[in-house]
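These are the residues of each chain, in order.
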Amino acid sequence: MKITAAKLIICSPDRNFVTLRIETEEGIYGLGDATLNGRELAVASYLEDHILPCIIGRDPFQTEDIWQYLYRGAYWRRGPVTMSAIAAVDVALWDIKGKALNTPVYNLLGGQSRQGCLVYTHANGADIAEALDSVRKHMDEGYLAVRAQAGVPGLSSSYGVPKAGKSYEPAERGLPSESLWSTERYLNFAPTLFEKLRVELGPDVHLLHDVHHRLTPIEAARLGKSLEPYHLFWIEDPCPAELQESFKLIRQHTTTPVATGEVFNSLWDSHDLIRHQLIDYIRMTIVHGGGITHAKKTADFAALYNVRTGFHGATDLSPITMAAALHFGLAIHNFGIQEHMHHSKLTDEVFPHHYSFDAGYMHPGDAPGLGVDIDEVLAAKHPYQRASLPIARKLDGTLTDW
Ligand code: CS2
Ligand code: MG
């Protein structure tokens, strides 16, 4: 088999997506997601200017060699732009392999290890009462695991909580907006939220919470300790992870499980966290972490240290990444949970797919390849629009992690 053409489709069906379509001489094509929220055009340029000309004429079955060519061959390594671009190629090639062999991608990764992938979705509210209603609503829909975020009293906006009447979407059209943050108010409030949720909802529902990199290690340790009575499934991204040994301090103080890594883009970003067993779930997902080829190495390494996957699955990861993550999660042994933040109706129309949800679990479907397509005519009606992630400042104006 030979790759004959590759092109990008950049569209904005309610939010921006960058999609790579690779064609072969047999007429089989594969799709890869190259979306990096707020930095979409940088990845598009990396692909268009530097990668796509190099893959024409290659054998799409050679996913390992092509991966090494794009990673080692570039000399400059890692980083979200590079790794998202490599991921797009890699995922499109796995899609082609599946289609060429007439089998779903999960069969190429080990076959079905479970009947479905446990997923968690997002609940949120301006206050505790609204957050409670929102968790209940998702439990009624069948979810067994729900992430809960609520407005922190005294702050005009909080991470994960939408503006009234809208559904939550991290990026906003235009240049970055600014929001205010207070660690003190948050740390006092968070345990009261989860106490209420546990008392009202009982012991069985898995409750998750995203701290979004906002604390120092000792503050995160306090949070984890204060949430222990409510036995969360995890706290996510309790602090920034550039300094991997930060997590040692959290670990020394709390048994609340820790997930991190949605901003990671290679196994090296989590190498120490995993081998010292400082985390329980690794969140680096397929699109930002070099594709299926590199995610498999990361998950297999994590398996040695009892670390399970809990891949990022926000709306800025396209349905192609969702499908890839579900094939992957179905096949590997150390799957933990998969995030499922619903795409808009229009996004789902642009990317028709075979994955489905039933009673708390998702399945990628049995179509050959990834089982996702793109409606290019509809996509063209929704061109790219500049959008940015917000930034955050402390109450005194100091810039802090959003
Ligand atoms: C979040 C994301 O889903 C999550 O856990 O942390 O909403 C994140 O803010 C966005 O994906 C950023 O692009
Ligand atoms: Mg997160």
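The following refers to the structure shown. Note that this is a predicted model, so its numbers are computed, not measured. All residue numbers refer to position in the chain's written sequence, counted from 1. Each chain gets a letter, beginning with A, and each ligand a number, beginning with 1, in the order they are written. Only residues with pLDDT of 70 or above have their local features reported here, since the model is predicted, and side-chain atom pairs are shown and tallied only from 80 upward, although totals for entire chains, interfaces and linings are computed over all residues. To obtain the side-chain values, all non-hydrogen atoms of the structure were used and water was disregarded.

Time to look at the coordination of the magnesium ion (ligand 2). Water is absent from the atoms considered, so a metal site may look incomplete; donors are defined as N, O and S atoms within 2.8 Å of the metal, or 3.2 Å for Na, K and Ca. Summarising the metal site, the magnesium ion (ligand 2) is bound by the protein donors Asp210 (OD), Glu236 (OE) and Glu262 (OE), whose distances to it range over 1.9 to 2.2 Å. Coordination of the magnesium ion (ligand 2) draws on donor residues from a single chain, spaced D-x25-E-x25-E in sequence. Of the two residues, Glu236 is situated in strand β9 (residues 234-236) and Glu262 in the loop between β10 (258-260) and α8 (271-275); the sequence distance between them amounts to 26 residues. For the residue pair Glu236 and Glu262, the accessibility class agrees, reading buried in each case. Secondary structure is summarised from DSSP: a helix means a run of H or I of at least four residues, a strand means a run of E of at least two, and numbering begins at the N terminus for each. For the exposure calls, accessible area comes from a 1.4 Å probe over protein chains only, and a residue counts as buried if that area is under 20% of its type's maximum, exposed if over 50%, partly exposed in between.

Close to ligand 1 lie 16 residues, the nearest being Asn37, His212, Glu262, Asp316 and Glu339. Contact between ligand 1 and Arg147: an oxygen atom at 3.3 Å from a side-chain N or O atom of the residue. Here an oxygen atom of ligand 1 sits 2.6 Å away from a polar atom, N or O, in the side chain of Glu262. Protein coverage of the free-state accessible area of ligand 1, which is 340 Å², stands at 95%. Judged by its atoms lying within 2 Å of the grid points, ligand 1 is housed in the second largest pocket. Residues are sorted three ways: Asp, Glu, Lys and Arg are charged, Ala, Val, Leu, Ile, Met, Phe, Trp, Tyr, Cys and Pro are nonpolar, and all the rest, Gly among them, are polar. For the shell around ligand 1, the residue count by class is five nonpolar, four polar and seven charged. Here a residue is considered near a molecule or strand provided that any single heavy atom belonging to it is located within 4 Å of it. Pairs of N or O atoms are called polar contacts if they sit within 3.5 Å, as long as, within protein, a hydrogen donor faces a hydrogen acceptor (for residues adjacent in sequence, only side-chain-to-side-chain pairs). Computed by Shrake-Rupley with a 1.4 Å probe, the accessible areas treat only the displayed protein chains as cover when residues are assessed. For each structure, a 1 Å grid was placed over the protein atoms alone; sets of points admitting a 1.4 Å probe that cannot get out are labelled cavities, open sets with protein on both sides within 12 Å along at least five of seven lines are labelled pockets, and lining residues have an atom within 4 Å of a point. Assignment to a cavity or pocket requires that more than half of a molecule's atoms be within 2 Å of the site's grid points.

This next bit is on the pattern of salt bridges. It is possible for side chains of opposite charge to pair when their charged atoms get near one another. Each reported salt bridge corresponds to a side-chain nitrogen of Lys or Arg within 4 Å of a carboxyl oxygen of Asp or Glu. All told, the structure shown has 19 salt bridges when counted by the stated rule. A salt bridge links Asp210 to Arg147; the shortest N-O distance between them is 3.1 Å. With Asp210 in strand β8 (residues 206-210) and Arg147 in strand β5 (residues 145-150), this residue pair connects regions lying 63 residues apart in the sequence. Per residue, the accessibility class of Asp210 equals that of Arg147, and both read buried. Close ionic contact of Arg251 with Asp280 constitutes a salt bridge, the shortest N to O distance being 2.8 Å. Of this pair, Arg251 sits in helix α7 (residues 246-253) while Asp280 sits in the loop between α8 and β11 (281-282), placing them 29 residues apart in sequence.

Note on backbone geometry: most residues besides glycine have negative phi, and most peptide bonds are trans. The phi torsion at Asp14 lies on the positive side, around 85°, for a residue other than glycine. Along the chain, Asp14 falls in the loop between β1 (3-11) and β2 (17-24).

Moving on: the environment of Ile282. Mapped onto the elements, Ile282 comes out in strand β11. For Ile282, a relative accessible area of 2% corresponds to the buried category. Residues Ile282 and Thr298 lie 16 residues apart in sequence; the distance between their C-alpha atoms is 8.9 Å. Setting aside anything within four residues of it in sequence, one finds Ile282 in contact with Thr260, Phe264, Ser270, Ala302, Val307, Arg308, Thr309, Gly310 and Phe311. Here a residue-residue contact requires only that any non-hydrogen atoms of the pair lie within 4.5 Å.

Another point: empty space enclosed by the protein. Grid points are joined across faces, edges and corners, and a volume is the space filled by probe spheres set on the points. Under the counting rule described, the total for this entry stands at two cavities of 30 Å³ or more. Quantified by volume, the largest cavity comes out at close to 110 Å³. Secondary structure elements with two or more residues in the lining of the largest cavity: β5, α5 (183-201) and β8. The element best represented in the lining of the largest cavity is α5, accounting for four residues. Broken down by class, the residue content of the lining of the largest cavity amounts to nine nonpolar, four polar and two charged. What the second largest cavity holds in volume is close to 30 Å³. In terms of lining, the second largest cavity is formed by Ile282, Met284, Ala295, Thr298, Ala299 and Phe311. Counting residues per element, the lining of the second largest cavity draws most heavily on helix α9 (residues 291-303), at three residues.

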